[in-house]
Each structure stands twice: as structure tokens, then as C-alpha cells.
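Spelled out, the chains give:
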Amino acid sequence: MRLATWNVNSIRARVARTVDFAVRENIDVLAMQEIKCKPEQFPYAPFEEAGYEVHAHGLNQWNGVAIASRLPVEDVRTAFPGMPGFAKGHEGPDQPQEARAMGATIDGVEVWSLYVPNGRSLDDPHYTYKLDWLAALTEYTRSTLETTPELPLALVGDFNIAPTDEDNGDPTVIVGLTTHVSPPERHAFRQLLAAGLADTVRPLVPTGFTYWDYKQLRFPRNEGLRIDFVLGSPAFADAVTGAAIHRNERKGEIPSDHVPVVVDLDLTGPDDDDRPMFW
DNA sequence: ATGTCGTAGGCGCTACGA
């Protein structure tokens, strides 16, 4: 299976480019974030003509996640248990959930397309929401892998955190001043990994950014951030045979500000290799 | 230059989120 994640920054603005990429790169499963539309507005036809079924979750013009797949999709979910909600000006419990998560089971892999809250600024309620959202995701991961430790579980998407200084090439993103690099956010990311996940791309693609702001020539200057990840449980991570960050997708006509991140999986398992010749 | 995008509301812009 070839699995990709891409924050497309409006699927309606970039559907041709997105489908072209999926076909050209032979993507089986494409997790999208920031589709910026409701399901009834999603441009399904180009995907379906290319052989993909699409499941979309969007509530308004903001956020929104989707999964396109050439393989059968089961158990589609639009939130993980305990996922916090948020509504500006309505602090406190029982806030409505946003369209930031879609889970599905595909070829035995539990895949989540995730759009972690941005945080906006360190003193914004959205920042607290971001940390709470990540803590709930971590608890879901921990409990899931406690119950089913052999599950190939993949959390993919835009995490809106640059986990290390090497992941931050934007001079306006500064520890102590801005989101994405603050110690609490980085701690939350480490806690998510500690729940039983590995960054499956970094070992194969040790450097490189996945996002460059549209403003101030960030891409020509290569002043980006590495904030899009494919995190996998042991069973998933062990199946990864390749990875790529498609930097060229930041070029050309009306690019997203993010690029796709791709992993290749061999899900047949190690047993096949160990099988005796005489079997 | 708060320097670019995308969407909504509703018609040339502003508001909002990122």
C-alpha cells in the first residue's frame, strides 16, 4: 500500500492538481486536510474517474478532512473518542467538535486523517484547545494500543508542530513567541509518540520541510516548517519500506502551502520471509 | 507592508482563519 497525507488548503481550488498527483504517484490511500468544504460540495467526480472512493467530513468553510482510497474502506469515523470541541467566544465544556479527524480501516490499517488545531497564539484559547486536543488523541492512541497492540495504526496529517529546531526554518517562528515550536506543544508531540507511535518518515527522509508560508518568499528562501507527519504503531512502522516528501508540489500553479508526505507499506508481514522453502 | 492565500457574504469590498 502507498499512503499519502496532504493538507490541500481547499480541495475545490486544487482538485485537478490533487488527483493528478495521486494518479501520477500511484497513491492507494490519500488522507487530506483543510478541504474547506462540506461533503456535498466535495468534487467527487475527478477522484471517482481516477478509481478512488472518497469519504469527506466538513462542517463549513474551515478545516475539513477526507480520505480517498482505491482500496475498500471500512469503519469510517469523524472523530476519535474524547476529541474536544471549540467555538470562539464559547469557552468551557460541551463545545461543538470541529471537522479535524477522519478514521477508517483500509486493508487492515486503521488510518486517521488529522488536522491538529493551529493554536493561533500562545495566549489564545485556541492554543489551550490545541494542547487538549493532542492530549485526547494521545489517550486514544494509548488505550487503542493497550487493547490491540498488534494493530497497524497510522496517525497522519498536519500536526501544526515542528517537533525539533531542525524542523523550523521560518525566522518568524520563534520559541517563546509563537505557536508550533513552544515547549508545551513539543512536549505534547513527544507524549503522542510515547503512547506507542513512531515518525515513520524521518528515518528515511531525515531533513526537509512540508510547509512554507505563502507570505514573504518563504518557499524561494526555503524557510519552511516540518509539521506534516505519518506516525505509526509498531505493526505499521515495521511495514514501512519507503518514504518521500514531495517538495516539488509547492511549485507551479496555485500550490497548497503544504506538500504531500508519502509512505510505502509492505503489509504481508515478516512471516512470509521466514516461511520455509519446503512449505 | 500584516508583504499571501481561500471562503463567505453578497457585489467591491471586509472579516476571518491560517
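None of the values given here were measured: they were computed from a predicted structure. (Residues numbered from 1 in each chain as written. Chains lettered and ligands numbered in written order. Predicted model: local features only at pLDDT ≥ 70, side-chain atom pairs only at ≥ 80, totals over all residues. Heavy atoms only, no water.)

Asker: Kindly report on the packing of aromatic side chains, identifying the contributing residues and their values.
Answerer: Within this structure, the stated rule accounts for 13 aromatic pairs. With 5.6 Å between their ring centres and 45° between their planes, phenylalanine 42 and phenylalanine 47 make a pair best called tilted. Taken together, a centroid distance of 6.4 Å and an interplanar angle of 75° make the contact between phenylalanine 209 and tryptophan 212 edge-to-face. Feature note: the residues Phe80, Trp112, Trp133 and Tyr140 constitute an aromatic cluster, connected by ring pairs. (Phe/Tyr/Trp six-rings, centres within 6.5 Å; stacked < 30°, edge-to-face > 60°.)

Asker: So what about the layout of surface pockets? Which residues, and what values?
Answerer: Left-over empty space is what a probe sized like a water molecule reveals as it rolls over the atoms. Taken as a whole, the largest pocket holds about 860 Å³ of empty space. Around the largest pocket sit 37 residues that line it, and Tyr115, Asn118, Arg120, His126 and Asn160 are the ones nearest its centre. In terms of residue class, the lining of the largest pocket is made up of 14 nonpolar, twelve polar and eleven charged. (1 Å grid on protein atoms, 1.4 Å probe; cavity = no way out; pocket = protein on both sides within 12 Å on 5 of 7 lines; lining within 4 Å. Points joined across faces, edges and corners; volume = space filled by probe spheres on them. Nonpolar A, V, L, I, M, F, W, Y, C, P; charged D, E, K, R; others polar.)

Asker: Give a description of the protein's contact with DNA strand B that names residues and reports values.
Answerer: Taken together, 18 residues sit near DNA strand B, with Ser10, Arg14, Lys88, Arg120 and Lys215 positioned nearest. Those atoms of DNA strand B that come within 4 Å of the protein belong to sugar or phosphate at a rate of 78%. Interatomic distance of 3.4 Å between a side-chain N/O atom of glutamine 61 and a sugar or linking oxygen of DNA strand B. Arginine 120 places a side-chain nitrogen or oxygen 2.6 Å from a phosphate oxygen of DNA strand B. (Near = heavy atom within 4 Å. Polar contact = N/O pair within 3.5 Å; in protein donor to acceptor, adjacent residues only side chain to side chain.)

Asker: Which residues make up the side chain of aspartate 199, and what are the values?
Answerer: On the secondary structure map, aspartate 199 appears in strand E9 (residues 198-199). Its relative accessible area of 13% is what places aspartate 199 among the buried residues. A polar contact is formed between the side chain of aspartate 199 and the backbone nitrogen of valine 201, at a distance of 3.0 Å. Within polar-contact distance, the side chain of aspartate 199 engages the backbone nitrogen of arginine 202 at 3.0 Å. Once you skip the residues sitting within four places of it in the chain, aspartate 199 turns out to touch Leu193, Phe229, Val230 and Leu231. (Helix = DSSP H or I, 4+ residues; strand = E, 2+ residues; numbered from the N terminus. Buried < 20%, exposed > 50% of the residue type's maximum accessible area, 1.4 Å probe, protein only. Contact = heavy atoms within 4.5 Å.)

Asker: Report on the pattern of salt bridges, specifying residues and quantitative values.
Answerer: Scanning all chains against the criterion turns up 15 salt bridges. The closest approach of N and O atoms between arginine 2 and aspartate 264, which form a salt bridge, is 2.7 Å. Remark: aspartate 264 occurs in strand E12 (residues 261-265) and arginine 2 occurs in strand E1 (residues 2-7); sequence separation between them is 262 residues. In this structure, arginine 70 and aspartate 28 form a salt bridge, with 2.9 Å as the shortest nitrogen-oxygen distance. Taken together, the residues arginine 70 in the loop between strand E4 (65-69) and strand E5 (73-77) and aspartate 28 in the loop between helix H1 (11-24) and strand E2 (29-33) connect sequence positions 42 residues apart. On the accessibility criterion, aspartate 28 (15% relative accessible area) is buried. (Salt bridge = Lys/Arg side-chain N within 4 Å of Asp/Glu carboxyl O.)

Asker: Give a detailed account of the environment of valine 263, specifying residues and quantitative values.
Answerer: The topology assignment puts valine 263 in strand E12. Relative accessible area serves as the criterion here: at 0%, valine 263 is assigned to the buried category. Each C-alpha atom of the pair valine 263 and arginine 2 lies 5.9 Å from the other, and the pair is 261 residues apart in sequence. Those residues within four positions of valine 263 in sequence are excluded, and the remaining contacts are Met1, Arg2, Leu3, Thr200, Val201, Val230, Phe236, Val240, Gly242 and Ala243.

Asker: Quick rundown of the nonpolar core? Include the residues and the values.
Answerer: As a rule of thumb, nonpolar side chains are buried together in soluble globular proteins. Leu3 and Phe236 are the most contacted members of the largest nonpolar core, which has 29 residues in total. Taken together, the elements giving at least two residues each to this core come down to E2, E4, strand E6 (101-106), strand E7 (109-115), strand E8 (153-158), strand E11 (240-245) and E12. Once residues lying within four places of it in the same chain are set aside, the contact partners of phenylalanine 236 are Leu3, Val109, Pro152, Leu153, Ala154, Thr200, Val230, Val263 and Leu265. Counting 25 residues, the second-largest nonpolar core is a separate cluster that includes Met83, Leu114, Leu134 and Phe189. (Core = buried A, V, L, I, M, F, W, Y, C linked by side-chain atoms within 4.5 Å.)

Geometry only, nothing functional implied.
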